[in-house]
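One-letter residues, chain by chain:
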Amino acid sequence: MRKVSGGAIAIALIILAAIAFILFSAVGQTSSAAVDTASGSHFPCTVQSVYDGDGPINCAETDTTGKQVRVRLRGIEAREADNSCRYENLCPEASGAEAKAQLTRLAVGRLECTSFGPSYNNVDASCRNPSGQDISCEMLRSGAAVRWPQYDPDGRLVPCVPAPR
């Protein structure tokens, strides 16, 4: 039987520690953080995908019940993915594809959102991107969405609406 030197044991322990660190780091990056999405809460949204021009924006985070957070942007309405409008009086000129493309450009990375509470299976929220832009406001300015007064009762988004041509 051969004797193993102390140096070989030390090297083996260092390699095992490095492997354990890498595995622990990988597991930590794949698990999503639970966030509070109750009305009035501020929460992060690490964007995974965008459905259409007003959401939902699918976040990597989960809520306190373990459900994936999906954000519906507060105070705006855009055409649906199939280019239809749910409400005739809330129908922007931009197509559904244009609205989705604009929101996809704006909603990148980690957003900072404020919840206004649940909205069907989503969270009704206003969000800012890493550049500090209010996403709902930018969607209005671009013409990709229209203001929905019922969901902007305090008029926060009024200054974002472009002047009529």
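Residues numbered from 1 in each chain as written. Predicted model: local features only at pLDDT ≥ 70, side-chain atom pairs only at ≥ 80, totals over all residues. Heavy atoms only, no water.

Peer 1: Could you give me a rundown of the environment of Arg 110, with the residues and numbers involved?
Peer 2: Tracing the backbone through its elements, the reader meets Arg 110 in strand β6 (residues 110-119). Of the residues examined, Arg 110 reaches a relative accessible area of 47% and is grouped as partly exposed. Through-space distance from the C-alpha of Arg 110 to that of Val 47 is 6.2 Å; in sequence the pair is 63 residues apart. With sequence-adjacent residues up to four places away left out, Arg 110 is seen in contact with Pro 44, Cys 45, Thr 46 and Pro 130. (Helix = DSSP H or I, 4+ residues; strand = E, 2+ residues; numbered from the N terminus. Buried < 20%, exposed > 50% of the residue type's maximum accessible area, 1.4 Å probe, protein only. Contact = heavy atoms within 4.5 Å.)

Peer 1: How would you explain the pairing of strand β7 (residues 122-128) if you had to name every residue and give the values?
Peer 2: Remark: a regular strand shows side chains that alternate across the two faces of the sheet. Buried residues dominate β7, accounting for 6 of its 7 residues. Two elements, β6 and β7, share 6 bridges in a ladder whose sense is antiparallel. From the neighbouring strand, Cys 113 faces β7, where its bridge partner is Cys 127. (Pairing = 2+ DSSP bridges.)

Peer 1: Let's hear about the pattern of salt bridges: which residues, and what values?
Peer 2: On inspection of all chains with the given rule, the structure shows 8 salt bridges. Measuring nitrogen to oxygen at the nearest pair gives 3.5 Å for the salt bridge that ties Arg 72 to Asp 54. Placement of the pair is Arg 72 in strand β4 (residues 68-73) and Asp 54 in the loop between β2 (42-50) and β3 (57-63), with a sequence separation of 18 residues. Comparing Arg 72 with Asp 54 shows no difference in burial state: the two are buried. What you see here is one network of salt bridges that share partners, running through Asp 54, Arg 72 and Glu 77. (Salt bridge = Lys/Arg side-chain N within 4 Å of Asp/Glu carboxyl O.)

Peer 1: An account of the nonpolar core is needed here, citing residue identities and associated values.
Peer 2: In terms of nonpolar packing, the biggest core is built from 30 residues, with Ile 57, Val 71, Leu 111, Ile 135 and Met 139 touching the most fellow members. For Leu 111, the contacting residues outside a window of four places in its chain are Phe 43, Pro 44, Cys 45, Val 47, Ile 57, Cys 127, Arg 128, Asn 129, Pro 130 and Ile 135. (Core = buried A, V, L, I, M, F, W, Y, C linked by side-chain atoms within 4.5 Å.)

Peer 1: Explain helix α2 (residues 96-106) to me, and be specific about the residues and the numbers.
Peer 2: Along α2, the residues classified as buried are Gly 96, Ala 99, Gln 102, Leu 103 and Leu 106. In a view along the axis of α2, the buried residues occupy a sector of 130°, so they form one face of it. Facing away from the buried side of α2 by over 90 degrees, the exposed positions are Ala 97 and Arg 105. Packing partners of the buried residues in α2 comprise β2, β3, β4 and α3 (135-142). (Arc of directions from axis to C-beta.)

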